[in-house]
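# Structural overview
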Amino acid sequence: MGPMDLRQGIGLRRLGTTTDEFQQDLLSSLYYRRGTTVESASAHDAYDALALTVRDRLADRRARTAAAHYASNPRWVYYLSAEYLLGAQLEQNLLYSGTGEVAAQAVKALGRSLQEIEDLDVEPGLGNGGLGRLAACLVDSMATRDIPAVGYGIRYDFGIFKQSLENGGQAERPDDWAFQGNPWEFPAPDDRQTVGFYGHTEPIAGSQTRKRWVPGEIVLGEPSHMLVPGYGTETVNIVRLWRARGSEASFDLSRFSAGQYAEAVQEAVRAENISKVLYPDDSTELGRELRLKQQYFLCSCSLRDIIRRFRLRNSDWADFAAKTIIQLNDTHPTIAIPELMRLLVDEYELDWDQAWSITRRTFAYTCHTLLPEALETWPVHLFERLLPRHLEIIYLINLLFLREVEARFPGDNDRLRRMSIIGEGDERRVRMAHLAVVGTEAVNGVAELHSKLLRETVLQDFADLWPAKFQNVTNGVSPRRFVKLANPRLADLITEGLGDDGWLNDLERLAELESLADDAAFMERWRAVKRANKVDLAAGDPDSLTDVMIKRFHEYKRQQLKLLHVITMYQRIRQNPAGDWVPRTVLFAGKAAPAYHAAKNIIRLINAVGATIAADPVVSPYLKVVFAENYNVTLAERIIPAADLSEQISLAGKEASGTGNMKLALNGALTVGTLDGANIEIRARVGEENFFLFGLDAYQAAEVQIRGYNPREHYEWDTELKAALDAITAGRFDGAGRELVDSLLGWDEYLTLADYRSYLDAQEEVERAWRDPARWTRMSILNTAHSGFFSSDRTIADYAARIWRVAPVTVPKEDQ
Ligand code: GPU
């Protein structure tokens, strides 16, 4: 796009900024684009018309961004991610386009309130949890930091299920998030790509390394994109999402004419299944194949798009890596590495060494776990069938890589076996994390401890070989979404305290709140904000301690430990009803993977315990357990501002970083937590006296496991722990939880019982602090004041400086 294509160049009017002008455009959107009138407009017509009107306000900035990026031909950042949890779009885009106030006035012409319309905004369900929400925070901050970037992903029809409770257990239903359409999305059919699967390879005469791949199935990738505006800047980047389609030839007209309707569309259906669901159940061979197919689909479409964009401005492949950095969000997009090799060698006819040098300098890899079961591997035979050419390329990459290892560590066959990209077990498998390390220039973990443990454990051999490749970039969160939008009361109070709202894109400025931590009037208002947020949430008595554990359900995160605390409190109160108890509302929210039975059993037990307590007149005045259904970004934005206490209680060494921990601390919740993930960095910043620490550290936990852990010792020795577990076994909670007790007493993989007593002690410390409101409020203010480091703007500054080596490109403001 050249500058002459911009609005001014073709004499197009500038969109007005007054309420009247906004209202005119809103009515025009309703009339011309929705094709309806004020009198007959439905609520969704109103929503769509408003969304389009707001979107239009970002269009100029988008056009100027594209032109400025094109003109400066920078190194571009491409973020490849299987997940994006972007959150609701309307409120965000009102804020980022500065049209919130005029819009609130203008919508009156439609006879509706802005709030009413915002309630219709459905968040795109394109991810499962922390990894997907991190991707959304990072693209927000890339735009805010003026980094030329595109996020690539898949436009799933069903990216996450809708959770409800049925008889106290999790039930899953499809979440058809785009059912009413998605006004934020721009289709881009001209940039459609063709992706091959299956088939065979053929030699090419006269070439050793090049091959011809003849795929057996062809699928189309149709892109659309959503706008990603920066805050307080002109930049508007995009997230480009691919949707799978059958080609025209996949519809069998003659079969259809013969009345074979299902057979006529079966090929198209098979193609479209690729973008149907995120992480299809991989417990069957077909499920596993579909997952790998999805990953390849994302990578193949995105790489061709990246190359197309490179060639718009450049002609020499030698410049490719200098103009392109592709960040792999965990191993899911690792197949992009052999795919780029295939494109460069087979299609663009570069020689292997040049292609490999380009590839290695183009990619960087972020690892988000230490759990061995989360490190992806694929059976060789699956690769052979689905992506035969890629397997050949991986074999060659591996051969050359192992030669490099052999040269450095001659004769160390054990090392070669450990490091090989191909794992030789009962079944030969491709180790995607090894491929990701070998094919990239930089590898990073997502918190200090995580990056250290990666170097010391799962990737130790690689760190020995290439120490400089390994880095840390601690995660962060968007202060716009998680303070300004989620917690407007707190945002206003902070702005007042600091004198301006510059902290929204300079979050370290929150440190200036420190001087107000002892100011009685400010403290009073701080408390009032929290209380009002609790009233809004309406989960329990707003004067009770609101204790929240909100995250995916996983045994390593230890919701079961929180539950043992709740059961113990229940038993203590029953034994001494006249005691001086601190009233608590314990709020859980989160989804369990549909096939993860142990996690679903924990959800069931939580609800059974909650019901037992609610029915107990002695205990219920002091203790309430709430399970909030269908945890998603929108619900998180309601719960986080109301939290007093943040539960970050994973077994040390298991949670790579956590990001909910950051959001809660930033909103003035105090953390009770282990020395795990980013908890360590939160504690170091907010001060150990303002953090409730408990439990084994990662090294102690490893030692306990090595020495031979016996959970029964804790059970026998700790009478309260025994009483809690015995109550479950005795069926006191509707018979729920017996499998949990069996696993805790049998092996207790995540050392729940070992940390129980220490956790209960920490909770007593919590109550001591809570009984002194001035002390608690001071601690709360200091948590917010010292959480500035956890802005995703800082995370992006780190990636830009240390991994991507890219500089911002300023998008000029429009001439008035
Ligand atoms: N995470 Br691997 C996910 O949400 N999904 C995954 O597949 C993998 C990691 C999370 C980590 O568990 C969490 O600790 C981290 O904060 C988050 O990624 C973002 O880095």
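No experiment lies behind these values; they were computed from the predicted model shown.

A count of helical and extended segments in the protein chain gives 33 helices and 23 strands. Scaling as 2.2 N^0.38, a compact globule of 816 residues should have a C-alpha radius of gyration of about 28 Å, and the protein chain matches this with 27 Å. In terms of principal-axis extent, the alpha carbons of the protein chain reach across some 85 × 75 × 60 Å. Across the 816 residues of the protein chain, 49% fall into the buried class. Taking as baseline every contact in the protein chain between residues at least 6 positions apart, the subset at least 24 positions apart corresponds to 76%.

What follows deals with the site of the ligand. Surveying the vicinity of the ligand reveals 16 residues, the closest of which are G130, L131, H368, T369 and S657. By residue class, the composition of the shell around the ligand is five nonpolar, nine polar and two charged. Of the domains in this structure, domain 2 (73-87 + 123-471) and domain 3 (480-696 + 755-787) are the two that each give at least three residues to the shell around the ligand.

The next thing to look at is unusual backbone geometry. At E349, a residue that is not glycine, the phi angle is positive and equals roughly 60 degrees. On the secondary structure map, E349 appears in the loop between helix 11 (336-347) and helix 12 (352-362). Unusually for a residue other than glycine, A538 sits at a positive phi of about 55 degrees.

This part is about the environment of S657. Along the chain, the position of S657 falls in the loop between strand 21 (645-648) and helix 25 (660-666). Judged by C-beta crowding, with 27 C-beta atoms within 10 Å, S657 ranks as buried. Dropping the residues within four chain positions of it, S657 is found in contact with V446, A447, H450, T474, N475, G677 and A678.

Moving on, we come to the domain arrangement of the protein chain. For the protein chain, the domain assignment lists domain 1 (1-72 + 88-122), domain 2 (73-87 + 123-471) and domain 3 (480-696 + 755-787). Distance from the C-alpha centre of domain 1 to the C-alpha centre of domain 3: 37 Å. At the interface, four residues of domain 1 touch five residues of domain 3. In the side of domain 1 that touches domain 3, the residues fall into two nonpolar, one polar and one charged.

Here the focus is the packing of helix 22 (residues 559-575) against helix 23 (residues 597-614). Think of two packed helices as two axes; the pair is described by the angle between the axes and how far apart they sit. It is the contact of helix 22 with helix 23, at a shortest axis distance of 11 Å, that shows an interaxial angle of 20 degrees. It follows from the interaxial angle that helix 22 and helix 23 lie roughly parallel. Relative to helix 23, the crossing made by helix 22 is left-handed. Every residue of helix 23 that contacts helix 22 at Q559, Q560, L563, V566, I567 and Y570 is listed here: I602, L605, I606, V609 and I613. In terms of residue class, the contact of helix 22 with helix 23 is built from nine nonpolar, two polar and no charged.

So, about the sheet that holds strand 21. Backbone hydrogen bonds hold the strands of a sheet together, and the pairing may be parallel or antiparallel. If you walk across this open sheet you meet the six strands as 20-19-18-21-22-23, and the pairing is parallel. Sheet topology places strand 20 (623-628) and strand 23 (692-693) at the edges, where each strand pairs with a single neighbour.

UniProt's feature table lists "modified residue: N6-(pyridoxal phosphate)lysine" (unreviewed entry) at K663, given in the numbering used throughout. Counting through the fold element by element, K663 comes out in helix 25. Once residues lying within four places of it in the same chain are set aside, the contact partners of K663 are V477, F482 and I640.

At a closest axis distance of 9 Å, the pairing of helix 11 and helix 12 adopts a crossing angle of 140 degrees. Considering only the axes of helix 11 and helix 12, their crossing is right-handed. Contacts between helix 11 and helix 12 involve I337, L340, M341, L344 and V345 from the first element and W352, A355, W356, I358, T359 and T362 from the second. Looking at the contact of helix 11 with helix 12 residue by residue, the class counts come to nine nonpolar, two polar and no charged.

Let us now look at the sheet that holds strand 13 (residues 377-379). Sheet architecture is open: three strands sit in the order 13-15-14, paired in antiparallel fashion. Edge positions in the sheet fall to strand 13 and strand 14 (422-424), since each has one partner strand and no second. In this sheet, neighbouring strand axes are inclined to one another by 35 degrees on average, regardless of whether the strands run parallel or antiparallel. Note that strand 14 and strand 15 (residues 428-431) share three bridges and pair antiparallel.

Here the focus is the nonpolar core. In this structure, L50, V139, V609 and I639 are the most contacted members of the largest nonpolar core, which totals 229 residues. In this structure I639 touches L537, V548, I550, L587, A589 and A628, once residues within four positions along its chain are discounted.

For helix 32 (residues 773-785), built from 13 residues, the straight-helix expectation of 18 Å at 1.5 Å per residue is met to within 8% by its first-to-last C-alpha distance of 18 Å. Buried residues of helix 32: W776, T777, M779, S780, I781, L782, N783, T784 and A785, and no others. Those residues of helix 32 that are buried are in contact with helix 21 (520-537), helix 25, strand 22 (670-673), helix 26 (679-686) and helix 31 (752-770).

A word on helix 23. In a regular helix each residue adds 1.5 Å, so 18 residues correspond to 26 Å; helix 23 covers 26 Å between its end C-alpha atoms and thus fits that length. Within the sequence span of helix 23, burial applies to A599, N601, I602, I603, R604, L605, I606, N607, A608, V609, G610 and I613. Contacts made by the buried residues of helix 23 are with strand 3 (162-166), strand 4 (169-173), helix 22, strand 19 (584-589), strand 20 and helix 30 (738-746).

All right, on to the environment of W184 then. Tracing the sequence through the fold places W184 in the loop between strand 4 and strand 5 (185-187). It is 34 Å that separates the C-alpha atoms of W184 and L498, two residues lying 314 residues apart in sequence.

Once that is clear, we can look at the confidence of the model for the protein chain. Segments scoring low in pLDDT should not have their predicted coordinates read at a detailed level. With 99% of its residues at a pLDDT of at least 70, the protein chain reaches an overall mean of 96. In the predicted assembly, ipTM is 0.99 and pTM is 0.98.

About the criteria used
Residues numbered from 1 in each chain as written. Predicted model: local features only at pLDDT ≥ 70, side-chain atom pairs only at ≥ 80, totals over all residues. Helix = DSSP H or I, 4+ residues; strand = E, 2+ residues; numbered from the N terminus. Rg over C-alpha atoms; globule rule 2.2 N^0.38 Å. Buried ≥ 20, exposed ≤ 12 C-beta atoms within 10 Å, placed from the backbone. Contact = placed C-beta atoms within 7 Å. Near = placed C-beta within 6 Å. Nonpolar A, V, L, I, M, F, W, Y, C, P; charged D, E, K, R; others polar. Domains from an automatic or database assignment. Axes fitted to C-alpha atoms, helices over the stretch in contact; angles between N-to-C directions. Parallel < 35°, antiparallel > 145°, perpendicular 65-115°, else oblique. Left-handed = near helix turned anticlockwise from the far one by under 90°. Pairing = 2+ DSSP bridges. UniProt positions renumbered as here; feature names shortened; annotations may be inferred. Core = buried A, V, L, I, M, F, W, Y, C linked by C-beta atoms within 7 Å. Expected span 1.5 Å × (residues − 1). pLDDT = per-residue confidence, 0-100.

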